[in-house]
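A structural walkthrough
Single-letter residue listing:
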Amino acid sequence: MNQINATSDQMCFELPIFQANLGNSVLDASGFPVDFYFQDIGLKHTSFCQSAICYIDGSKGLLLYRGYPIEELCKHFQFESIMYLLLFGELPTSRTLKSFTKKLIKYRHIPDYCYSLLEHLPESSHPMGILLTLVSALAADSSQSLDDPDEMAIRIVAQMPILVALSQRHARTLKPVHQDSNDDSLGYVPDFLFRLFGQIPTEHTVTAFDQILTLHAEHEQNASTCTLRVSGSTGTNAYAALAAAITALWGPAHGGANEACMQMLEAIKTCDRIPEYIEKAKSKEDPFRLMGFGHRVYRSRDPRADVMKSLAKEVLDSKQDKPLFRLAPSLEKRALEDPYFISHQLYPNVDYYSGIVQRALGIENNAFTTIFALARTTGWMSHWLEMMRDKTPIIRPRQHYIGPRKRSL
Ligand code: ACO
């Protein structure tokens, strides 16, 4: 452990530095006097937990799940193996994969009241809101909770595809597809697609979704995972913590960016309007931002965006959505050549092409983020399990008070 001196006019402290296995070291502030706070608005420089799940090097465009590069995982493994890796730390053997898959099937059902609840929700509801409602209903039902955290996490990741399929179908005024819960003929992704579209998916569609899920499965302390950890640290039940994470994911600065990006591309419509939108994104008077661009951590290419772009090429080869696909790379090229985007180190993130791919596969714009939520549930539950094992204390930051001094009425 290294020691450093932090000096100011009045104070001198010795603080230990902990080396990370990869990336930035951290200054351990736990021994700091309680009457003195660090200010870090937006938590840009704050490590608030220890984690062994995911590593991102934003300057090199590197993303590792449990040490393995995302590109290799996408190429060589199906989503069930990725889930096992994230949740339990190692890739499964064929035996452990078999027993994990069996459990996913065992827990692949939801209580009947979820279906009745749906009938009371307006058809105009947003799929993310429907998903949130269903997860909240499960949070209220103590019979859904399991004492063993591993089993709880597996139950949640197994139920999520049913909840997402129901949310999307309800928003499209379609009846739920009922699947025999004992039917083990379909794997995790094909079963989800069957429940979503009401027909057995092609191998091509399954492969594309498998990759979409892998790419979105985990991304260390993003806003939704951080929210899950904050709510989980209070000891709330796993479904309630999940509901909190879904809420945080919904916003356009986070998981909602894929929907917002598609809306933006539809608004731009043709390549001749690109310069106008680039100028809007650069203007400090205009709140518009280029959706699907920029990232808190990546200051170079987001490796997920590259895989997603290749996937978009494959998927769109056989589809009609080509005008939009022509527009997206042209806008990307123009932005990447612009001095503003260069100096601000703004590159496409995973959401830039994910909407296009999902649209080509039959997902409506307002349902993209539910697919993201389905994928990220594995990451969220991996962090929840890690917290349970580490016995994380309640997360309770302090603030820099700027309100009125004490005054009398
Ligand atoms: N378009 C135009 N300018 C941008 C963009 C953008 N997409 N993103 C950042 N900037 C500019 C800001 O205006 C700011 O400029 P300034 O320093 O001259 O004032 C600078 O870059 C830094 O921006 P911040 O908002 O401070 O960066 P932060 O790290 O807090 O935000 C975020 C990251 C929220 C992702 C931001 O880049 C953004 O809003 N992007 C668009 C939404 C989006 O695609 N979100 C998906 C993120 S990936 C995910 O969640 C899966």
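This text gives an overview of the structure that appears in the document. For every chain, the first residue of the written sequence is number 1, and numbering continues from 1 along that sequence. With pLDDT at 70 or above as the cut-off, local features in this predicted model cover only qualifying residues; side-chain atom pairs require 80 or more to be listed or tallied, and sums for whole chains, interfaces and linings still use all residues. Water and hydrogen atoms play no part in the side-chain values, which are based on all heavy atoms of the structure.

Thoughts on helix α8 (residues 203-216)
Across its 14 residues, α8 extends 20 Å between first and last C-alpha, which sits within 8% of the 20 Å expected from 1.5 Å per residue. Throughout, exposure labels follow a simple rule: accessible area from a 1.4 Å probe, protein chains only, divided by the maximum for the residue type, with under 20% read as buried, over 50% as exposed, and the rest as partly exposed. Only DSSP runs of H or I reaching four residues or more are called helices, and only runs of E reaching two or more are called strands; each is numbered from the N terminus. Within α8, 11 of the 14 residues are buried, which leaves the element mostly enclosed by the surrounding structure. Of the residues making up α8, those classed as buried are Thr205, Val206, Ala208, Phe209, Asp210, Gln211, Ile212, Leu213, Thr214, Leu215 and His216. A helix is expected to span 1.5 Å for every residue after the first.

Observations concerning the site of the ligand
In the vicinity of the ligand there are 23 residues, among which Arg289, Leu290, Gly292, Phe293 and His344 approach most closely. What qualifies as a polar contact is a pair of N or O atoms within 3.5 Å, subject to a donor-acceptor requirement within protein and to the restriction that residues adjacent in sequence count only when both atoms come from side chains. Here an oxygen atom of the ligand sits 3.0 Å away from a polar atom, N or O, in the side chain of Lys284. With respect to the ligand, the backbone of Phe293 contributes an N or O atom lying 2.9 Å from a nitrogen atom. Note on areas: Shrake-Rupley, 1.4 Å probe, and residue coverage restricted to the protein chains presented here. In isolation the ligand exposes 920 Å². Once the protein is present, 78% of that is buried. The class makeup of the residues in the shell around the ligand is 11 nonpolar, 6 polar and 6 charged. Whether a residue is near a molecule or strand is decided by its heavy atoms; if any one of them lies within 4 Å of it, the residue is near. Under the scheme applied here, ten amino acids are nonpolar (Ala, Val, Leu, Ile, Met, Phe, Trp, Tyr, Cys and Pro), four are charged (Asp, Glu, Lys and Arg), and all others, including Gly, are polar.

Notes on the layout of surface pockets
Empty space left among the atoms is revealed by rolling a probe the size of a water molecule over them. The pocket and cavity definitions rest on a 1 Å grid over protein atoms only: a 1.4 Å probe that fits but cannot leave marks a cavity, an open set with protein on both sides within 12 Å along at least five of seven lines marks a pocket, and residues lining either have an atom within 4 Å of a point. Grid points are joined across faces, edges and corners, and a volume is the space filled by probe spheres set on the points. Its boundaries defined by the atoms lining it, the second largest pocket holds a volume of some 220 Å³. Lining the second largest pocket we find Tyr115, Leu118, Glu119, Glu123, His170, Thr173, Leu174, Lys175, Pro176 and His178. Broken down by element, the lining of the second largest pocket gets its largest block of residues, 3 residues, from helix α4 (residues 112-119). Class assignment of the residues belonging to the lining of the second largest pocket gives a composition of 4 nonpolar, 3 polar and 3 charged.

Concerning the side chain of Ser382
Structurally, Ser382 is set in helix α17 (residues 368-390). Contacts are assigned to residue pairs with any non-hydrogen atoms lying within 4.5 Å of each other. Sequence-distant contacts of Ser382, defined by excluding residues within four places in its chain, comprise Ile53, Leu86 and Leu87.

Topic: the sheet that holds strand β4 (residues 54-57)
Two strands pair under a simple rule: DSSP has to find at least two bridges between them. Strand order across the open sheet formed by 3 strands is β4-β5-β6, with antiparallel pairing between neighbours. Looking at the sheet topology across the chains shown, the edges are occupied by β4 and β6 (68-69). Two strands pair when backbone bridges link them, and strand β5 (residues 62-65) and β6 are joined in this way by 2 bridges, in the antiparallel orientation. From the neighbouring strand, Tyr65 faces β6, where its bridge partner is Tyr68.

Comments concerning the packing of aromatic side chains
We call Phe, Tyr and Trp rings a pair once their centres come within 6.5 Å, taking the six-membered ring for Trp, and we label the pair stacked below 30 degrees between planes, edge-to-face above 60, and tilted otherwise. Summed over all chains, the structure comprises 13 aromatic pairs. Ring plane angle 45° and centroid distance 5.9 Å describe the contact between Phe79 and Tyr188, whose orientation is recorded as tilted. With Phe79 in helix α2 (residues 79-88) and Tyr188 in helix α7 (residues 188-197), this residue pair connects regions lying 109 residues apart in the sequence. For the pair Phe79 and Tyr188, a shared accessibility class is recorded, and that class is buried. An angle of 90° between the planes, with centres 5.0 Å apart, marks the rings of Tyr352 and Tyr353 as edge-to-face. With relative accessibility at 1%, the residue Tyr353 sits in the buried group. An aromatic cluster is built from Phe293, Phe325, Tyr340, Phe341, Tyr352 and Tyr353, whose rings are joined through pairwise contacts.

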